[in-house]
Amino acid sequence: MLTMKDIIREGNPILRQVAKEVELPPSKEDKETLEKMIEFLINSQDPEIALKYNLRSGVGIAAPQIGISKRMFAVHLPDEGEQLTAFGMYNPRIVSHSVETTSLENGEGCLSVDREVTGLVPRFSRITVKGVDMNGEEISLRLRGFPAIVFQHEIDHLNGIMFYDRIEEDDPFKKAIKL
Ligand code: UDB
Ligand code: ZN
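The structure presented is a predicted model; accordingly, all values stated were derived computationally and were not measured.

Chemist: Could you give an account of the pattern of salt bridges, naming the residues involved and the relevant values?
Modeler: According to the stated counting rule, one finds twelve salt bridges in the structure shown. As a salt-bridge pair, R115 and E10 come within 2.7 Å of each other at their nearest N and O atoms. Linking R115 in the loop between β4 (101-102) and β5 (123-124) with E10 in the segment before α1 (28-44), this pair joins segments that are 105 residues apart in sequence. Taking the shortest distance from any N to any O, the salt bridge between D156 and R166 comes out at 2.7 Å. Within this pair, whereas D156 is found in helix α3 (residues 145-158), its partner R166 is found in the segment after α3, the two being separated by ten residues in sequence. For D156, a relative accessible area of 6% puts it in the buried group. Taken together, the shared-partner salt bridges connect E108, R123, D156 and R166 into one network.

Chemist: Run through the nonpolar core, naming residues and quoting values.
Modeler: Core analysis: the largest hydrophobic core is formed by 19 residues, its most contacted members being I7, M37, F40, I61 and A74. Of all the elements in the fold, those that place two or more residues in this core are α1 and β2 (72-76). Considering each element in turn, this core owes the most residues, five residues, to α1. Once you skip the residues sitting within four places of it in the chain, A74 turns out to touch L34, M37, I38, L41, V59, G60, I61, F87 and G88. Listed in part, the 16 residues of the second largest apolar core include A62, L77, F87 and F151.

Reading the values: the criteria
Residues numbered from 1 in each chain as written. Chains lettered and ligands numbered in written order. Predicted model: local features only at pLDDT ≥ 70, side-chain atom pairs only at ≥ 80, totals over all residues. Heavy atoms only, no water. Salt bridge = Lys/Arg side-chain N within 4 Å of Asp/Glu carboxyl O. Helix = DSSP H or I, 4+ residues; strand = E, 2+ residues; numbered from the N terminus. Buried < 20%, exposed > 50% of the residue type's maximum accessible area, 1.4 Å probe, protein only. Core = buried A, V, L, I, M, F, W, Y, C linked by side-chain atoms within 4.5 Å. Contact = heavy atoms within 4.5 Å.

This is the structure we're talking about:
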């Protein structure tokens, strides 16, 4: 199983690379990698397992964060009873987004960043993401709220972007565009 020692930390140049498209249909190896990433998130949200292995409670992880520079990521949104709970995606792309932006009010963190970075991270309020799901099928998702933010954070990793790159240097608490 994946643990925190498998997570690549900031400073490693892999996190700054633009990841390569996954060849489709996904290979057995790529599928296994994505499944391990989902398993990591599920474990990290299980209080007993997280305590035992010292896992930070993760909601998303992108392949470059485990040293694999390929365009795939996993998310696991806690509860909500939505179908989105545990989800893996290959070659995601944001095909459209709102003009309105939003931010998590307490800023963002990252599994690859072992320090607090303060400031608001502007994100699109709503996005439509297309890509290929775990079954190898082309899908389109319309997202808003926290899921939309998590997807944008993970897609940024595939492009070598860290959340703090998006914090306004001169005004870290600059408010989002509300319409
Ligand atoms: C996270 N977790 O996984 F609202 F139950 C963060 C860390 C960096 C703090 C581990 C997180 O936000 N957990 C969380 C949030 C809730 C409710 C809950 C658990 N990431 C993922 C990451 O680094 N992916 O690369 C950071 C998030 C910041 C905004 C979106 C992703
Ligand atoms: Zn991250």
